Amino acid sequence: MLRLLPGEYAAGMADYIDLTTDEKLLAWYEENSQPVPDQTYIPGVPPVPGRPCKKCTFRDHDQVYGGSVPGTVAFLSKQKAETIVKKNEKKTHVISEKLLNFLIWQNEFDEEHVPHVTDVHTPGMIACGGIKKGEDHVLFCYLIDGTHRAVAAMREGRPFEAYVLSFKETAECSMTQSELQRTARF
Ligand SMILES: [Zn+2]
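Thresholds, definitions, all that
- Numbers given for residues are sequential positions, taken from 1 along each chain in its written order.
- Per-residue local features of the predicted model are confined to residues with pLDDT of at least 70, and side-chain atom pairs are confined, for both listing and counting, to 80 or more; whole-chain, interface and lining totals are unaffected and use all residues.
- Strands are runs of DSSP state E lasting at least two residues, helices are runs of H or I lasting at least four, and both sets are numbered from the N terminus onward.
- Here, residues touch in the contact sense if the C-beta positions derived from the backbone fall within 7 Å of one another.
- A pair of strands is treated as paired once DSSP finds two or more bridges between them.
- Lines fitted to the C-alpha atoms define the axes, with helices restricted to the stretch that makes contact. Angles between their N-to-C directions range from 0 to 180 degrees.
- Note on angle classes: values under 35 degrees are labelled roughly parallel, values over 145 roughly antiparallel, values of 65 to 115 roughly perpendicular, and the remainder oblique.
- What makes a crossing left-handed is the near helix being turned counterclockwise from the far one by less than a right angle; a clockwise turn instead makes it right-handed.
- We define the nonpolar core as any set of buried residues of the types Ala, Val, Leu, Ile, Met, Phe, Trp, Tyr and Cys, connected via C-beta atoms lying within 7 Å of each other.
- Counting other C-beta atoms within 10 Å of its own, a residue is labelled buried from 20 upward, exposed at 12 or fewer, and partly exposed in the gap between, with every C-beta atom placed from the backbone.

Peer 1: Give me the lowdown on the overall build of the protein, citing residues and values where you can.
Peer 2: Summing up its helical and strand segments, the protein has eight helices and six strands in all. Along its sequence from the N terminus, the protein presents helices and strands in the succession α-α-α-β-β-α-β-α-β-β-α-β-α-α. In the protein, 78% of the contacts between residues at least 6 apart in sequence involve partners at least 24 apart.

Written out as structure tokens, the structure is:
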């Protein structure tokens, strides 16, 4: 039983954050993601002269999404995410402009690759979970696949769709140390 003062029960349950569905997750992140500058015309990382687009070159490899904040490193496999999306027969969701802008702001992307995926309308994948940032515990949502397609869609003003992975599904995409070492050999 929760230890509550008399009369506190109703208030306690009213504060419960229900994140049990894709829609509720999206709504929570939409409301609680920090405001960031408009990303529509922010250019990505410039191409390296004389080198082919590395995103196109490594298209068939499992692309590992890695993020690190002080004290934490989290790596997620796009290949595992794709398998989970199929297995769980997940549905896509149109991502609101505000949340999409935030997701793009969080990620680095190659400017060169954006026009290469303008006509590719494969949905993206958003991973959701909890992470320690220094002393704070925060909920994260990352676009682990589809950043370039998202940028292309945003610049053209068309909707962008993505799968939303639950906390459990996101945990299932994380990579073990030995898996990471194998991936690093590419
Ligand atoms: Zn490319």
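Peer 1: Mind laying out the sheet that holds strand β3 (residues 93-94), listing which residues take part and the relevant values?
Peer 2: Pairing between the strands of a sheet is mediated by backbone hydrogen bonds and can be parallel or antiparallel. Spatially, the four strands line up as an open sheet ordered β3-β6-β4-β5, and their pairing is mixed. A single partner strand is all that each edge strand has here, and the edge strands are β3 and β5 (136-145). Strand direction decides the pairing type here: strand β4 (residues 124-133) and strand β6 (residues 161-165), joined by four bridges, are parallel. The residue of β6 that forms the bridge with G124 is A162.

Peer 1: Can you tell me about the packing of helix α5 (residues 97-106) against helix α6 (residues 147-156), naming the residues and giving the values?
Peer 2: Packing of α5 against α6 brings their axes to within 10 Å, and their N-to-C directions diverge by 130°. Classed by the angle they form, the pair α5 and α6 counts as oblique. For the crossing formed where α5 meets α6, the hand is left-handed. Contacts between α5 and α6 involve L100, L103 and I104 from the first element and T147, A150, V151 and M154 from the second.

Peer 1: With reference to specific residues and values, describe the pairing of β5.
Peer 2: Across nine bridges, β4 lies against β5 in antiparallel orientation. Residue pairing for β5: I126 is matched across the bridge by L143. Between β4 and β5, which pair antiparallel one after the other, the connecting turn spans two residues, and G134 there sits at a positive phi close to 60°.

Peer 1: A description of the nonpolar core should follow, citing residues and the corresponding values.
Peer 2: Counting residues in hydrophobic clusters, the biggest one holds 34 residues, and the most contacted among them are L103, I126, A127, A150 and L165. Every element with two or more residues in this core is listed here: α2 (22-32), α4 (78-87), α5, β4, β5, α6 and β6.

Peer 1: Give a detailed account of the environment of T118, specifying residues and quantitative values.
Peer 2: Note on placement: T118 falls in the loop between α5 and β4. Separated by 31 residues in the primary sequence, T118 and R149 have C-alpha atoms spaced 6.5 Å apart.

Peer 1: Before we move on, can you summarise unusual backbone geometry with the specific residues and values?
Peer 2: Most peptide bonds adopt trans geometry, and most residues besides glycine take a negative phi value. Positive phi, close to 50°, is recorded for E89, a residue that is not glycine. Turning to its location among the elements, E89 is positioned in the loop between α4 and β3.

Peer 1: Run through α5, naming residues and quoting values.
Peer 2: The complete set of buried residues in α5 reads L99, L100, N101, F102, L103 and I104. Lining the buried residues of α5 we find α2, β4, β5 and α6.

Just distances and angles here, no functional claims.
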